[in-house]
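The chain contents come next:
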Amino acid sequence: MPLDPTRTAVIVVDMQNGFCHPDGSLFAPASESALDHVNAVVSRAREAGARVVYTRDVHPPEQFEDAHYYDEFERWGEHVVEGTWDAELVDELDVRDDDLVVEKHTYDAFYQTELEGWLESHGIDDLLICGTLANVCVLHTAGSAGLRDYRPMLVTDALGYLDPDHKEYAVEHADWLFGETTAIEEVAFE
């Protein structure tokens, strides 16, 4: 079904140096490989007139000091720390002034951010979601979108991951539970 570009946004999740660059703290080679595909999704959407959102996973150095249960640094090691090169979006992305860049502090790009309000103010219903990591921030953002009554669509050939099984899980889970999946070539606008 063709998408209405005036009601659609691409959400590019966490394509940052820390995940996509070989010198990054949590480098995933498949994330670097996904860059051209992510740019293709953004380009196709822009040509149609859809909006673009980039997310940045950013952690203040003290974020987990008083954690009762979940310490992301303990789980993944210190990564994408606020103010560091690691936390910046990779240079290969075409980020423009009218794009929204959302800074988030957890896996879900909706949690305590301006994303939902921005989508509502722009009349957005449908979300093409790509980026990294497929089974972590991409999946949690897509699930949160579905629970908020957006139509989340994972773009399967524009996802980064640590292990191919993680990507397969994320795609199958999203398709089964709360969203849809599509490939870049299948994305069509009215």
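- Naming follows an unreviewed UniProt entry, where the chain appears as Nicotinamidase-related amidase of Haloferax larsenii.

**Things to note about the state of the cysteines**
Piece 1. Applying the stated criterion across every chain yields a total of 0 disulfides.
Piece 2. Summary of cysteine pairing: Cys20 is not part of a disulfide, and the nearest cysteine sulfur, belonging to Cys130, is at 11 Å.
Piece 3. Unpaired in this structure, Cys137 has its nearest cysteine sulfur neighbour in Cys20, at a distance of 12 Å.
Piece 4. By relative accessible area, Cys137 is classed as buried at 5%.

**Quick notes on the pattern of salt bridges**
Piece 1. All chains considered together, the criterion is met by 11 salt bridges.
Piece 2. Between Lys104 and Asp57 there is a salt bridge, and its shortest N-O distance comes to 3.6 Å. Taken as a pair, Lys104 in strand β3 (residues 100–104) and Asp57 in strand β2 (residues 51–57) lie far apart in primary sequence, 47 residues in all.
Piece 3. The exposure class assigned to Lys104 is buried, which follows from its relative accessible area of 0%.
Piece 4. Residues Arg148 and Glu116 are paired through a salt bridge, measuring 3.0 Å at the closest nitrogen-oxygen approach. Residue Arg148 is found in the loop between α6 (134–147) and β5 (151–159), and its partner Glu116 is found in helix α5 (residues 115–121); the two are separated by 32 residues along the sequence.
Piece 5. The partly exposed category is assigned to Arg148, whose relative accessible area is 30%.
Piece 6. A relative accessible area of 25% means that Glu116 is categorised as partly exposed.
Piece 7. Via salt bridges that share partners, Arg46, Asp94, Arg96 and Asp99 belong to a single interconnected network.

**Quick look at the sheet that holds strand β4 (residues 126–131)**
In a beta sheet, neighbouring strands are held together by backbone hydrogen bonds and run either parallel or antiparallel to one another.
Piece 1. Pairing in this open sheet of 6 strands is parallel, and the strands run β3-β2-β1-β4-β5-β6 from one edge to the other. In this open sheet, the two edge strands, each paired with only one partner strand, are β3 and β6 (180–182). In this sheet, adjacent strand axes meet at a mean angle of 25° when their direction is disregarded.
Piece 2. Summarising the sheet, β4 and β5 pair through 5 bridges and their orientation is parallel. Bridge pairing in β5 links Asp126 to Arg151.

Criteria and cut-off values
Residues numbered from 1 in each chain as written. Predicted model: local features only at pLDDT ≥ 70, side-chain atom pairs only at ≥ 80, totals over all residues. Heavy atoms only, no water. Disulfide = S-S within 2.5 Å. Buried < 20%, exposed > 50% of the residue type's maximum accessible area, 1.4 Å probe, protein only. Salt bridge = Lys/Arg side-chain N within 4 Å of Asp/Glu carboxyl O. Helix = DSSP H or I, 4+ residues; strand = E, 2+ residues; numbered from the N terminus. Pairing = 2+ DSSP bridges. Axes fitted to C-alpha atoms, helices over the stretch in contact; angles between N-to-C directions.

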